[in-house]
Amino acid sequence: TWTTTNVVEESVAAIREQVGTKRAICGLSGGVDSAVAAALVQKAIGDQLTCVYVDHGLMRKGESEQVEKDFVAATGVQLKVVEAEERFLTALAGVSDPEEKRKIIGREFIRVFEQAQAELVAEAGAAGEAVEFLVQGTLYPDVVESGGGTGTANIKSHHNVGGLPDDIEFQLVEPLRRLFKDEVRMVGQELGLPDEIVHRQPFPGPGLGIRIVGEVTKERLDLLREADAIAREELTAAGLDRDIWQCPVVLLADVRSVGVQGDGRTYGHPIVLRPVSSEDAMTADWSRLPYDVLSRISTRITNEVDQVNRVVLDITSKPPGTIEWE
Ligand code: XMP
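On a predicted model such as this, the values are computed, not experimentally measured, just so you know. (Residues numbered from 1 in each chain as written. Predicted model: local features only at pLDDT ≥ 70, side-chain atom pairs only at ≥ 80, totals over all residues.)

## Side note on the nonpolar core
Within the largest apolar cluster, 74 residues are counted, with the highest numbers of intra-cluster contacts made by Ala24, Cys26, Val36, Ala38, Val41 and Ala227. The element best represented in this core is helix α2 (residues 32-45), accounting for 10 residues. Here this core gathers at least three residues from each of two domains, domain 1 (4-198) and domain 2 (211-313). Contact partners of Ala38, with chain neighbours within four places excluded, come to Cys26, Leu28, Cys51, Val77 and Val135. (Core = buried A, V, L, I, M, F, W, Y, C linked by C-beta atoms within 7 Å. Buried ≥ 20, exposed ≤ 12 C-beta atoms within 10 Å, placed from the backbone. Helix = DSSP H or I, 4+ residues; strand = E, 2+ residues; numbered from the N terminus. Domains from an automatic or database assignment. Contact = placed C-beta atoms within 7 Å.)

This is the structure in structure tokens:
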């Protein structure tokens, strides 16, 4: 029978068997999946695990600080932070195609992990155990939607499945590969992770890189970060965080429309709000948010975010739309 206790016990035994006395690294994204995967592996192999947080410049406002603070406080895990904004933005320069972006981000993640691996090995010296394993918080829906399930089309290359390069040197440890998100949350709870982590809304590994329709640049990321922070602030203030599954905020960087602000004409970009409700992200419906909340978000974004003169609401279910725009 399926109980979280059984899942935890079986996973811990399987991880010990797979990793043995070797060492592993785990990429933390700030999301619940990687946090729960890391906590499970830590339970299994303790200090043989080092978590790696890659600051790729595609995170939301305040997110890096949150990962560094919350997760380490909750678990006491060993954490290595890698600043990689320039590397990711250089690799993404000139690229607009969504799948290409996903593959580039997936590849750069692995390259950064390989570098972290080399540094850890060097730090441990000759007597240290090899770092052969990479822990990933891949869920069942990620596998299915990347085309890894049976009889399913390839919808998107999730950064940790279809987005991986072919020449990867790590062996993967993916303890959540058979679980859905709600099950992952239960496992996280069982492991004693705090509510702020267990109930965090999903956020994609490729981050804001797949929420800019068009080329990803630092300037566009900064705009989107501002708009996203406003939307999140207002949703939290309205007490809606637990009512919605997540609310991607998307910048249509290649679209411009005419507006009027103060006493002048503007020619700016639209921001899309994509609030959804869902059970497992495989299907979703658009959330019927209160009009006054939507109105506050719209007014604030157009007033406070430079170059944005329009806010639109995505009222598409999944299917036919996906949750993210790319
Ligand atoms: P879609 O857009 O496919 O998203 O309807 C389903 C859920 O998955 C999240 N998502 C990702 N999560 N790596 C992740 O860790 C990814 O590459 C990725 N792409 C989408 C998305 O936010 C939603 O919760």
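## Notes on helix α7 (residues 181-190)
Looking at α7, one finds that the buried residues are Lys181, Val184, Arg185, Val187 and Gly188. One face of α7 carries all of its buried residues, which in axial projection span an arc of 160 degrees. Where α7 is buried, its residues contact α1 (4-19), α2 and α8 (195-198). In the stretch just after α7, Gly192 is the one whose phi turns positive, near 85 degrees. (Arc of directions from axis to C-beta.)

## Considerations on the sheet that holds strand β4 (residues 131-135)
Strand order in this open sheet of five strands is β3-β2-β1-β4-β5, and the pairing throughout is parallel. If you trace the sheet from one side to the other, it starts and ends with β3 (79-83) and β5 (171-173), each paired once. Each neighbouring strand pair of the sheet contributes to a mean axis angle of 30 degrees, computed without reference to strand direction. Two strands pair when backbone bridges link them, and β4 and β5 are joined in this way by three bridges, in the parallel orientation. Bridge assignment links Leu134 to a residue of β5, and that residue is Leu172. (Pairing = 2+ DSSP bridges. Axes fitted to C-alpha atoms, helices over the stretch in contact; angles between N-to-C directions.)

## Quick look at the site of the ligand
In the vicinity of the ligand, 14 residues are found, and the nearest of them are Pro202, Pro204, Thr322, Ile323 and Glu324. Across the shell around the ligand, the residue classes break down as five nonpolar, five polar and four charged. (Near = placed C-beta within 6 Å. Nonpolar A, V, L, I, M, F, W, Y, C, P; charged D, E, K, R; others polar.)

## A word on the UniProt feature "binding site: ATP" (unreviewed entry) in the protein chain
Following the UniProt record, the feature "binding site: ATP" (unreviewed entry) maps to Ser29, Gly30, Gly31, Val32, Asp33, Ser34 and Ala35 here. Along the chain, Ser29 falls in the loop between β1 (23-28) and α2. Taking the C-beta count within 10 Å as the criterion, Ser29 has 24 such neighbours and is therefore assigned buried. When neighbours within four sequence positions are excluded, Ser29 is seen to be in contact with Ser34 and Gly205. (UniProt positions renumbered as here; feature names shortened; annotations may be inferred.)

## Thoughts on the pairing of β4
Where burial is concerned, most of β4 is hidden: four out of the five residues are buried. One ladder, built from four bridges, connects β1 with β4; its direction is parallel. By the bridge assignment, Arg23 is partnered in β4 with Val131.

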